[in-house]
Amino acid sequence: MSVKVEYKDLLDAGVHFGHLKRKWNPRMAPYIFMERNGIHIIDLNKTLASLERAAAAVKDMSRKGKKILFVATKKQAQEVVKQRAEELGMPYVTERWLGGMLTNFNTVKKSIKKMQSTERLMKSDNYKNLAKRERLMISREQEKLERVLGGIANINRTPAALFIVDISREHIAVKEAKRLGIPVIAMVDTNSDPESVDFAIPANDDAFKSISLITEVIAQAIKEGEQERKEEKAEAQRREEEEKKRAIDEKPAATKETAADEE
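In this report, the structure presented in the accompanying data block is examined.

What counts, and where the lines are drawn
- Residues numbered from 1 in each chain as written.
- Predicted model: local features only at pLDDT ≥ 70, side-chain atom pairs only at ≥ 80, totals over all residues.
- Heavy atoms only, no water.
- Helix = DSSP H or I, 4+ residues; strand = E, 2+ residues; numbered from the N terminus.
- Buried < 20%, exposed > 50% of the residue type's maximum accessible area, 1.4 Å probe, protein only.
- Lys, Arg positive; Asp, Glu negative; His and termini not counted.
- Salt bridge = Lys/Arg side-chain N within 4 Å of Asp/Glu carboxyl O.
- Polar contact = N/O pair within 3.5 Å; in protein donor to acceptor, adjacent residues only side chain to side chain.
- Contact = heavy atoms within 4.5 Å.
- Pairing = 2+ DSSP bridges.
- Axes fitted to C-alpha atoms, helices over the stretch in contact; angles between N-to-C directions.
- Right-handed = clockwise from strand over helix to strand, strands pointing away.
- Expected span 1.5 Å × (residues − 1).
- Arc of directions from axis to C-beta.
- Core = buried A, V, L, I, M, F, W, Y, C linked by side-chain atoms within 4.5 Å.

1. A closer look at the side chain of D189
Looking at where D189 falls in the secondary structure, it is placed in the loop between β7 (184–188) and β8 (199–202). For the buried D189, no salt bridge exists, and the shortest N-O distance to an oppositely charged side chain is 6.4 Å, to K74. At a separation of 3.3 Å, a polar atom in the side chain of D189 contacts the side chain of H19. Non-local contacts of D189, meaning those with residues more than four positions away in its chain, are made with F17, G18, H19, M28, I42, A203, N204, D205 and D206.

So this is what it looks like as structure tokens:
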């Protein structure tokens, strides 16, 4: 993990605080360090190891130019997740997960096209000539579409992976991803099933600081992958130009040798 996150950083962000013991999922047992005052405490050593594995996976995907969909509809996660996704140019869902967003992607694409078409209409003179009531109805519908679909407006195919905050809340997204064989990287609290996702990061998925820290590590890993991709492309282009230059330099020499042989 290139992003230097230490045990103390996780501790300061409250990543170790789980749910009440009575709300726990027994499958989280390997990730629980102890119980304190009826609350489960997450083993941060396990969190660090899981986070490293998850970061390496998203970095590799990013290096290959793949898109990772960020999903977080709970209030304390919405803004930070949306911000990180927008900075990375990655798709995101922070308002509401529409059933079939992955499994019925073609229908979702039609809704996205409708949203984009309405956006063009609202910028045209035809819109200005409509009655005030009509304009109001169109703008309200557009606001609704943008709120739900704005974060995925620029994707033409299903994403390579999902990064999710709170898999209990986003269980429909998890099920759809599983059905399509799309890997899921997720923050998993003590009330959730870590076996339902591919890369479980045991962490407090309710506290803003905890969500911010884990999301930042994933975002930095994606950035590093993108940077490596750019460097690899630049290196490939440099080699191609060198090969072309070498071919041009060698061509006259070959022509001279042919002329000498003919004499």
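Moving on from the model shown.
2. Some points on the sheet that holds strand β4 (residues 68–71)
Spatially, β5-β4-β6-β7-β8 is the arrangement adopted by the 5 strands of the open sheet, whose pairing is parallel. Each having just a single partner strand, β5 (92–93) and β8 make up the two edges of the open sheet. Here β4 pairs with β5 via 2 bridges, running parallel. Pairing of V71 across the sheet is with V93, part of β5.

3. Some remarks on the sheet that holds strand β3 (residues 39–42)
Pairing is antiparallel in the open sheet, where 3 strands are placed in the order β1-β3-β2. For this open sheet the edge positions go to β1 (17–20) and β2 (32–36), each flanked by a neighbour on one side alone. Between one strand and the next, the sheet's axes are offset by a mean angle of 30°, whatever the strand orientation. Inspection of the sheet shows β1 paired to β3 by 2 bridges, in the antiparallel sense. What sits directly across from L20, in β3, is I39.

4. Looking at the pairing of β4
Taking every second residue as pointing to the same face, both faces of β4 are buried, with I68 and F70 on one and L69 and V71 on the other. With 4 bridges joining them, β4 and strand β6 (residues 161–165) adopt parallel strand pairing. Bridged to F70 within β6 is F163. Traced from β4 through helix α3 (residues 75–88) to β5, the parallel crossover comes out right-handed.

5. Concerning helix α4 (residues 105–123)
Over its 19 residues, α4 runs 27 Å from end to end, which matches the ideal 27 Å to within 8%, given 1.5 Å per residue. Turning to α4, its buried residues number three or more, namely F105, V108, I112, M115 and T118. Along α4, the residues classed as buried sweep out an arc of 135° about the axis, all on the same side. Opposite its buried face, α4 presents the exposed residues N106, K110, K113 and R120, each directed more than 90 degrees away. At its buried positions, α4 is contacted by α6 (132–149).

6. Quick notes on the nonpolar core
Grouped together as the largest cluster of nonpolar side chains are 38 residues, with contacts concentrated most on I68, F70, F163, I185 and I218. At the level of elements, α2 (44–63), β4, α3, β6, β7, β8 and α8 (208–262) are the ones that each hand at least two residues to this core. Once you skip the residues sitting within four places of it in the chain, F163 turns out to touch I68, L69, F70, V71, I185, M187, I214, T215 and I218. I32, V148, L149 and A177 belong to the second-largest nonpolar core, a separate cluster that totals 30 residues.

7. Examining helix α7 (residues 171–180)
Within the sequence span of α7, burial applies to A173, V174, E176 and A177. Down the axis of α7, the buried set is contained in an arc of 165°. They therefore lie on one face. With respect to the buried face of α7, the exposed residues turned more than 90 degrees away are K175, K178 and R179. In the segment just after α7, G181 is the residue with positive phi, at about 75°.

Geometric descriptors of this kind do not, in isolation, establish any biological role.
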